[in-house]
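Understanding the architecture of this molecule
The primary structure of each chain is shown beneath.
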Amino acid sequence: MTKLELVFVPMPAMGHITPMVEVAKRLVRRDERISVTILLFKLPMFDISSYIKTLDADPYFLNKRIEFLQIPELEKPSGNAPSAGPPDFQQILVQSRPVIKQSVEEHAIGSGTRLAGFVVDFFCSSVMAVADELSIPSYILFASGSSLLSLLFHFQHLRDNQGIDITQWEDQDAELDIPAFRSPVPYKLLPGRLVGKDGGSMMDQAKRYRDAKGIIINTFEELESHAIGTLSEDPKIPKLYPVGPIVNVDAQIKQGNEAQKDDVIRWLDQQPPASVVFLCFGSMGGFLGDQVIQMAKGLEQSGHRFLWSLRQPPSLAKDGKRAPPRDYTDLGNALPEGFLERTAERGKIIGWAPQVAVLSHPAVGGFVSHCGWNSTLESLWFGVPVATWPLYAEQQMNAFQLVKELRIAVEIRMDFKWDHLKGESNVLVDAAVIEKGVRELMNKENGVRSKAKKMSEAGRKATEEGGSSYVWMGRFIEDVFKNIEES
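Residues numbered from 1 in each chain as written. Predicted model: local features only at pLDDT ≥ 70, side-chain atom pairs only at ≥ 80, totals over all residues. Heavy atoms only, no water.

Some details on the overall build of the chain
In terms of helices and strands, the chain carries 20 helices and 21 strands. Here the chain has a C-alpha radius of gyration of 22 Å; the compact-globule value for 487 residues is 23 Å, and the two agree. Projecting the C-alpha coordinates of the chain onto the three principal axes gives extents of approximately 65 × 50 × 45 Å. Counting only residues that meet the buried cut, the chain has 58% of its 487 residues in that class. Considering only contacts in the chain between residues 6 or more positions apart, those separated by 24 or more positions represent 74%. Accessible area for the chain stands at about 20700 Å²; split by element, carbon and sulfur atoms hold 48% of it. Side chains of the chain give 54 positive and 62 negative charges; the mean places of these two sets differ by 2 Å. (Helix = DSSP H or I, 4+ residues; strand = E, 2+ residues; numbered from the N terminus. Rg over C-alpha atoms; globule rule 2.2 N^0.38 Å. Buried < 20%, exposed > 50% of the residue type's maximum accessible area, 1.4 Å probe, protein only. Contact = heavy atoms within 4.5 Å. Areas by Shrake-Rupley, 256 points an atom, 1.4 Å probe, with all protein chains shown as cover. Lys, Arg positive; Asp, Glu negative; His and termini not counted. Charge placed at Lys NZ, Arg CZ, Asp CG, Glu CD.)

Okay, structure coming up:
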């Protein structure tokens, strides 16, 4: 029996490595001929060590079907060249290519399996050059949705084939026709890294995607049928494998601080079904000062029960390392006077939140979210409707897609942006807007609620045997074997 090994190259950040690990598990669970080696980069701007430790007892890691391979640390590169990822990450990747090649070759000799290809994170396309040197295929793992992928390809095409530089666009109020979207997309909602100084680097990444043998996407046909169809019709785009939703809910429910989690779950157990609005803004989300006051007023005026993960925004140190959000040490000073006392019977404020455990609880009836793609898929998995409050990256565009394209979310704001460098937002969201959004979200007669439930059912069926994503995963495995024979 021919045994093949795939080398996974993740960006070492939580939102990127967790989908990679889950895809690896699905592959080895599906086909005993496949093993996976996941490369790890030790970088000052990331710390995923606690997550890696949670996998020590995982059966797929214990039986060596999936292994981590630590890449030797390189010195921080000099210079201020722009990058598509966090500071210096692209330069480190390029400098690491020789040692990646050496490490992979040595590991392959020791394992006795045949290298079948690289599966690289969409921020790591420069590592495809190593696969070329090894004469094996490359595949992209795109952890976001197909609409963002279509946007990248579209703008790269405009730049390279039509001479249109979207990063130099002057009409900030323009609405753009993008193939994957049925509705015109406001320019102001486009990802900052795409239309800012790093935009060229992002489009260079998309250009390299075209040389891959295929692109694995964390989505499913029933969710993004229009975008997937649009991409599939373009002969210059590699074959797509929509295998999502890639969410490892069982493992995530087990993670985190048990005491904090138990306290949250006990409180939720005392609440009526679908009565609680959950506010949580991802691993890097937080708010300061006036915005916290407006959020508190809006929640109080809404009259609804709430569970609020309230944290201060991340700070950026001089060395470029981004410190994670911090819990407030004195909520009384951060919130309106008397707020905690007035809402004690129907509200709970926490710092870190066990997001998946909360979303899976029957007491939760709505989710005010930053619209990160992982959080979006988790909310859909459990059928919890969303109110949009994006912060950064592609989240504004995700919010637009959820509200305007798919109509499975309500809007608080779609254009809110947090600037990590300046430590400020572009707008202050008023309490009345927040109140209105929460009331609409928790309205049980709202059509968004039933649509979220239907999409939840569709997403779960997609990953089951015979479902669309299950079929696409099988096609990917078939193509891995076929492509290595042809390479």
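Some points on the environment of K453
Looking at the element boundaries, K453 is found in helix α19 (residues 447–463). Along the backbone, K453 and S309 are 144 residues apart, and their C-alpha atoms lie at a distance of 24 Å. Apart from residues no more than four positions distant in its own chain, K453 is found in contact with F382 and G383.

A look at the nonpolar core
Formed by 134 residues in total, the largest nonpolar core has its most connected members in F8, F118, F155 and Y209. In this structure Y209 touches F122, S125, I140, F142, L149, L152, F153, I215 and P238, once residues within four positions along its chain are discounted. (Core = buried A, V, L, I, M, F, W, Y, C linked by side-chain atoms within 4.5 Å.)

Thoughts on the state of the cysteines
A complete count under the given rule lists zero disulfides for this structure. Just so you know, C280 is unpaired, no disulfide at all, and the nearest cysteine sulfur is the one on C371, 12 Å from it. By relative accessible area, which is 0% here, C371 ends up buried. (Disulfide = S-S within 2.5 Å.)

Re the pairing of strand β9 (residues 239–242)
By the bridge criterion, four bridges tie strand β8 (residues 214–217) to β9 in an arrangement that is parallel. Bridge pairing in β9 links I216 to Y241. Assessed by its sense of winding, the connection that carries the chain from β8 through helix α9 (residues 225–232) to β9 is right-handed. (Pairing = 2+ DSSP bridges. Right-handed = clockwise from strand over helix to strand, strands pointing away.)

As for the packing of aromatic side chains
Tallied over the full model, the rule gives 17 aromatic pairs. Taken together, a centroid distance of 4.8 Å and an interplanar angle of 80° make the contact between F281 and F287 edge-to-face. Each of the two residues, F281 as well as F287, counts as buried. Here a set of aromatic residues connected by ring pairs shows up, and it is made of F122, F123, F142, F153 and Y209. Over the aromatic face of Y470 sits the side chain of R30, whose NZ or CZ is 3.5 Å from the ring centroid. Its guanidinium or amino end placed over the ring of W472, R475 lies 4.5 Å from that ring's centre, counting from NZ or CZ. (Phe/Tyr/Trp six-rings, centres within 6.5 Å; stacked < 30°, edge-to-face > 60°. Lys NZ or Arg CZ within 6 Å of the ring centre and 35° of its normal.)

Some words on the pattern of salt bridges
Counted by the stated rule, this structure contains 16 salt bridges. In this structure, K25 and D58 form a salt bridge, with 2.7 Å as the shortest nitrogen-oxygen distance. Here K25, found in helix α1 (residues 14–30), pairs with D58, found in the loop between α2 (49–54) and α3 (59–62); they are 33 residues apart in sequence, far enough to count as distant. With respect to burial, K25 and D58 carry one shared label: buried. A salt bridge links D204 to R159, with the nearest nitrogen and oxygen atoms 2.9 Å apart. Placement of the pair is D204 in helix α8 (residues 199–209) and R159 in helix α6 (residues 146–162), with a sequence separation of 45 residues. Bridged by salt links that share partners, the residues R159, D160 and D204 form one connected network. (Salt bridge = Lys/Arg side-chain N within 4 Å of Asp/Glu carboxyl O.)

As for a positive patch on the surface
Positive charge collects at one region of the surface, where K404, R407, K451 and K454 lie side by side. The residue R407 is located in the loop between α17 (395–405) and β19 (409–411) in this model. (Patch = residues over 30% accessible without salt bridge, like charges linked within 9 Å, V, L, I, M, F, W, Y side chains within 5 Å.)

Focus: the confidence of the model for the chain
Of the residues in the chain, 93% have a pLDDT of 70 or more, and the chain-wide mean is 90. Contacts for the low-pLDDT stretch residues 79–87, under 50 throughout, to residues beyond four places or in other chains number 25 contacts. (pLDDT = per-residue confidence, 0-100.)

Side note on the sheet that holds β9
Taken together, seven strands build an open sheet; the order of strands is β3-β2-β1-β4-β5-β8-β9 and the sheet is parallel. Looking at strand neighbours, the two that pair on one side only are β3 (66–71) and β9, the edges of this open sheet. Strand-to-strand twist across the sheet, computed as the mean angle between neighbouring axes with direction ignored, equals 25°. When strand β1 (residues 4–9) meets strand β2 (residues 34–41), the two strands line up parallel, connected through five bridges. When the bridges of β2 are listed, V7 appears paired with T37. On top of the sheet, helix α4 (residues 89–111) reaches β1, β2, β3 and β4 (114–121); it is set at about 135° to β3, its chief contact. (Axes fitted to C-alpha atoms, helices over the stretch in contact; angles between N-to-C directions.)

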